[in-house]
Each structure stands twice: as C-alpha cells, then as structure tokens.
Number of protein chains: 2
Amino acid sequence: MKTGTLDIEKVEKVAFILKAIGNPLRIGIIDALRVNHELSVSEISSQLEAEQSLVSHNLLNMKLKGILESRRKGKNIFYRLKLMEVLKVIECMETCNLDDF
Amino acid sequence: MKTGTLDIEKVEKVAFILKAIGNPLRIGIIDALRVNHELSVSEISSQLEAEQSLVSHNLLNMKLKGILESRRKGKNIFYRLKLMEVLKVIECMETCNLDDF
DNA sequence: CAAATATATGAATATATGTTCATATATTCA
DNA sequence: TGAATATATGAACATATATTCATATATTTG
C-alpha cells in the first residue's frame with residue numbers, strides 16, 4: 001500500500017494507535033488520565049462505573065501497546081499515560097463539534 | 001460509564017470515529033483524500049495499490065458512517081471527505097514523532 | 001500467619017472486522 | 001444493442017475484539 005503524504009510505516013503506526021484507543025471505555029480511561037495524571041485500577045473502575053476485570057483488561061491492553069505505563073504503590077497499581085500523543089488526539093476531538101454527527 | 005471531562009455521548013462519538021478510521025487502508029484513503037480532495041475508487045485503488053473490492057468496501061463503510069461522501073461522474077464515483085474533523089486527527093498524528101513507538 | 005483488599009489472568013463466548021472471490025449493476029461509447 | 005469499464009454487493013471465512021466469570025496472585029494489616 002502506498003499513500004499520499006504519510007509513509008507506510010507512519011500510516012501503520014497511526015492506525016495502530018487510533019485502533020488501540022478507539023473504544024468508549026478506553027477513551028474514557030484516557031480522558032480520566034488526562035485530568036488526573038495517575039489513577040489506580042479501582043479509582044478508574046469506580047469513576048467510569050465499569051467492572052474491575054474489564055478495566056484491568058483494557059489497561060493492560062493499552063500498557064502492552066505502549067500507550068500507558070504503571071507503577072505499584074502498596075496494594076494499588078497506578079496507571080498513567082505514556083504515549084502523550086494520544087492526548088493531542090483526544091483534545092483535538094474534544095474541541096470538535098460533533099453535534100450533527 | 002462516566003468520564004472525566006467528556007460526556008458519555010461525546011466519548012461514544014469520539015470512539016466511534018477513531019475506530020472507524022483506525023485501519024491502515026482507511027488512514028491511507030483519508031490521507032489521499034486530504035491531499036486530493038476528490039478521488040475515484042480506481043484512483044484510490046491504484047494509488048494505494050489495493051484491491052478494488054477492498055477499497056470499495058472500505059469507502060462505503062466510511063460513507064455509511066458519515067465520514068465520506070460521494071458523487072457519480074460518468075462511470076466513476078468520486079469520494080471526498082465529509083467529516084472534516086478526521087483531518088484534524090490525521091494532521092495531528094502527522095506532526096507527532098512516533099519514531100520510538 | 002490469616003483475612004482483607006487490589007489487581008491480574010485465562011477460559012469461554014458472542015460479536016465484529018478484514019479480506020477475498022465471484023458476480024451483479026451502472027454507465028459510456030462504438 | 002453489445003462490449004468495455006467502473007463500482008457495488010454479498011457470501012464465505014479467518015481472525016480480532018469485547019465482555020463476563022471464576023480464580024489466582026500480590027500486598028497490607030491485624
């Protein structure tokens with residue numbers, strides 16, 4: 001596959017990232033981490049009103065893909081953004097008017 | 001599900017859009033349409049070196065989702081961007097340095 | 001050490017997605 | 001009208017994804 005301005009590698013990376021975050025729960029997680037910088041799994045679970053296990057799966061998924069990182073602090077594991085570029089995407093979308101979409 | 005700054009509806013929309021474009025071929029298509037404004041199916045097929053049918057499926061897919069629109073001109077059908085917001089995302093990602101990702 | 005708490009793990013499953021192929025449809029033009 | 005060209009369609013299939021559930025692991029604290 002060829003492209004317009006972006007080289008293949010970049011297209012692949014961009015697609016990989018957008019696909020990785022293109023899910024309501026994961027957008028919600030990123031949005032939460034955008035505001036709070038660092039949150040534990042249970043904090044995210046309760047904030048987003050989502051199952052612990054589901055949140056954990058998604059956090060690990062994004063960590064595996066290099067989008068998040070984590071550290072343990074006692075019984076908790078705190079996650080935070082690693083790939084700050086996703087912030088730009090979220091903020092970019094946040095400013096969009098998607099009312100008639 | 002609750003969120004940080006974004007309301008649920010917006011989170012859903014953003015996720016929907018990112019998921020809809022989060023694919024190498026589709027990013028390639030959008031990138032091509034970003035540069036060329038309007039392209040026929042066969043032009044896209046040859047530019048991206050992808051199967052006609054595959055391209056068609058993806059174009060219709062994005063059209064169905066409100067991201068692209070099309071018009072017929074003779075034997076050709078020309079597609080162009082409809083949801084300009086996706087441009088922002090692509091351009092945003094384009095400026096990112098993803099070398100060490 | 002045992003109980004409590006927080007998180008991870010993995011199986012199971014339903015559903016979605018990407019892709020190919022063969023074929024249908026629409027349009028032009030000789 | 002019939003051949004050529006452009007695009008759409010739909011079946012079939014493999015693979016990926018989202019979600020739930022039960023359970024394992026790690027850590028703290030009594």
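The structure we're discussing is the one just above.
Residues numbered from 1 in each chain as written. Chains lettered and ligands numbered in written order. Predicted model: local features only at pLDDT ≥ 70, side-chain atom pairs only at ≥ 80, totals over all residues. Heavy atoms only, no water.

Enquirer: Before we go on, may I ask you to explain the relation of the copies chain A and chain B in this structure?
Expert: Relating one copy of the chain to the other takes a rotation about an axis and a shift parallel to that axis. Once turned by 180° and shifted 0.0 Å along the axis, chain A lies on chain B with an RMSD of 0.0 Å. Between the two chains, the operation in question is that of a two-fold axis. Most of the interface of chain A is mirrored in chain B, where 100% of its interface residues again form contacts. (Least-squares fit on C-alpha atoms with pLDDT ≥ 70 in both. Contact = heavy atoms within 4.5 Å.)

Enquirer: Looking at this structure, I do not really get the sheet that holds strand β2 (residues 68-73) of chain B. What am I missing?
Expert: For sheets, the rule is that strands pair by backbone hydrogen bonds, running either parallel or antiparallel. Residue and element names in this part refer to chain B. Overall, antiparallel pairing links the three strands, which are arranged β1-β3-β2 in an open sheet. Each edge of the open sheet carries a strand with a single partner, namely β1 (39-40) and β2. Bridge analysis of β1 against strand β3 (residues 76-81) gives two bridges, and the strand direction is antiparallel. In the strand pairing of β3, Ser40 is matched with Phe78. (Pairing = 2+ DSSP bridges. Helix = DSSP H or I, 4+ residues; strand = E, 2+ residues; numbered from the N terminus.)

Enquirer: I tried to follow the protein's contact with DNA strand C on my own but got confused; where do I start?
Expert: Near DNA strand C lie 21 residues; those nearest to it are Ser42(A), His57(A), Asn76(A), Tyr79(A) and Ser53(B). For DNA strand C, the backbone portion of the atoms within 4 Å of the protein, that is sugar and phosphate, comes to 64%. The separation between a phosphate oxygen of DNA strand C and a polar main-chain atom of Ile77(A) is 3.2 Å. Going through the elements one at a time, α3 (41-48), α4 (52-64) and β3 (76-81) of chain A together with α4 (52-64) of chain B are the ones with two or more residues in the surface near DNA strand C. Its residues assigned to classes, the surface near DNA strand C comprises five nonpolar, eleven polar and five charged. (Near = heavy atom within 4 Å. Polar contact = N/O pair within 3.5 Å; in protein donor to acceptor, adjacent residues only side chain to side chain. Nonpolar A, V, L, I, M, F, W, Y, C, P; charged D, E, K, R; others polar.)

Enquirer: Could you clarify how one ought to interpret the protein's contact with DNA strand D in this entry?
Expert: Taken together, 21 residues sit near DNA strand D, with Ser53(A), Ser42(B), His57(B), Asn76(B) and Tyr79(B) positioned nearest. Each atom of DNA strand D within 4 Å of the protein was assigned to sugar, phosphate or base; sugar and phosphate come to 63%. One nitrogen or oxygen atom from the side chain of Arg26(A) is found 3.0 Å from a phosphate oxygen belonging to DNA strand D. The element best represented in the surface near DNA strand D is α4(B), accounting for five residues. By residue class, the composition of the surface near DNA strand D is five nonpolar, eleven polar and five charged.

Enquirer: In this structure, what is going on with a negative patch on the surface? I would like to understand it.
Expert: On the surface, a cluster of negative charge is made up of Asp7(A), Glu9(A), Glu12(A), Asp99(B) and Asp100(B). Position of Asp100(B) among the secondary structure elements: in the segment after α5 (85-95). (Patch = residues over 30% accessible without salt bridge, like charges linked within 9 Å, V, L, I, M, F, W, Y side chains within 5 Å. Areas by Shrake-Rupley, 256 points an atom, 1.4 Å probe, with all protein chains shown as cover. Salt bridge = Lys/Arg side-chain N within 4 Å of Asp/Glu carboxyl O. Lys, Arg positive; Asp, Glu negative; His and termini not counted. Charge placed at Lys NZ, Arg CZ, Asp CG, Glu CD.)

Enquirer: Got a minute to help me understand the side chain of Asn58(B) in this structure?
Expert: All names here are of chain B. In this structure, Asn58 sits in helix α4. At 2.9 Å, the side chain of Asn58 and the backbone oxygen of Leu54 are in polar contact. Ignoring sequence-local partners within four residues, the contact set of Asn58 consists of Asn23, Leu25, Arg26 and Ile29.

Enquirer: When you look at the sheet that holds strand β2 (residues 68-73) of chain A in this model, what are you seeing that I'm missing?
Expert: Residues and elements named next belong to chain A. Spatial strand order, β1-β3-β2: three strands in an open sheet with antiparallel pairing. Looking at strand neighbours, the two that pair on one side only are β1 (39-40) and β2, the edges of this open sheet. Relative to β3, β2 runs antiparallel, the two sharing six bridges. Its bridge partner lying in β3, Leu68 is registered against Leu81.

Enquirer: How do you make sense of the interface of chain A and chain B when you look at a structure like this?
Expert: For an interface, size is often stated in terms of accessible area lost upon the parts coming together. Taken residue by residue, the interface counts 45 residues in chain A and 45 residues in chain B. Summed over both sides, the interface of chain A with chain B buries roughly 4,200 Å², with 70% coming from carbon and sulfur. At the boundary of chain A and chain B, one finds zero salt bridges. Taken together, chain A and chain B are joined by 14 residue pairs in polar contact (both at pLDDT 80 or more). Looking at the side of chain A that touches chain B, the elements with two or more residues in it are α1 (8-21), α2 (24-36), α3 and α5 (85-95) of chain A. (Buried area = accessible area lost by both parts, 1.4 Å probe.)

Enquirer: Teacher, can you tell me more about the packing of α2(A) against α3(A) here?
Expert: Residues and elements named next belong to chain A. Between α2 and α3, the shortest axis-to-axis distance is 11 Å and the interhelical angle comes to 115°. The orientation of α2 relative to α3 falls into the category roughly perpendicular. In terms of crossing hand, the pair formed by α2 and α3 is right-handed. Between α2 and α3, the contacting residues are Leu25, Gly28, Ile29, Ala32, Leu33 and Asn36 on the first element and Ile44, Gln47 and Leu48 on the second. Split into classes, the residues belonging to the contact of α2 with α3 amount to six nonpolar, three polar and no charged. (Axes fitted to C-alpha atoms, helices over the stretch in contact; angles between N-to-C directions. Parallel < 35°, antiparallel > 145°, perpendicular 65-115°, else oblique. Left-handed = near helix turned anticlockwise from the far one by under 90°.)

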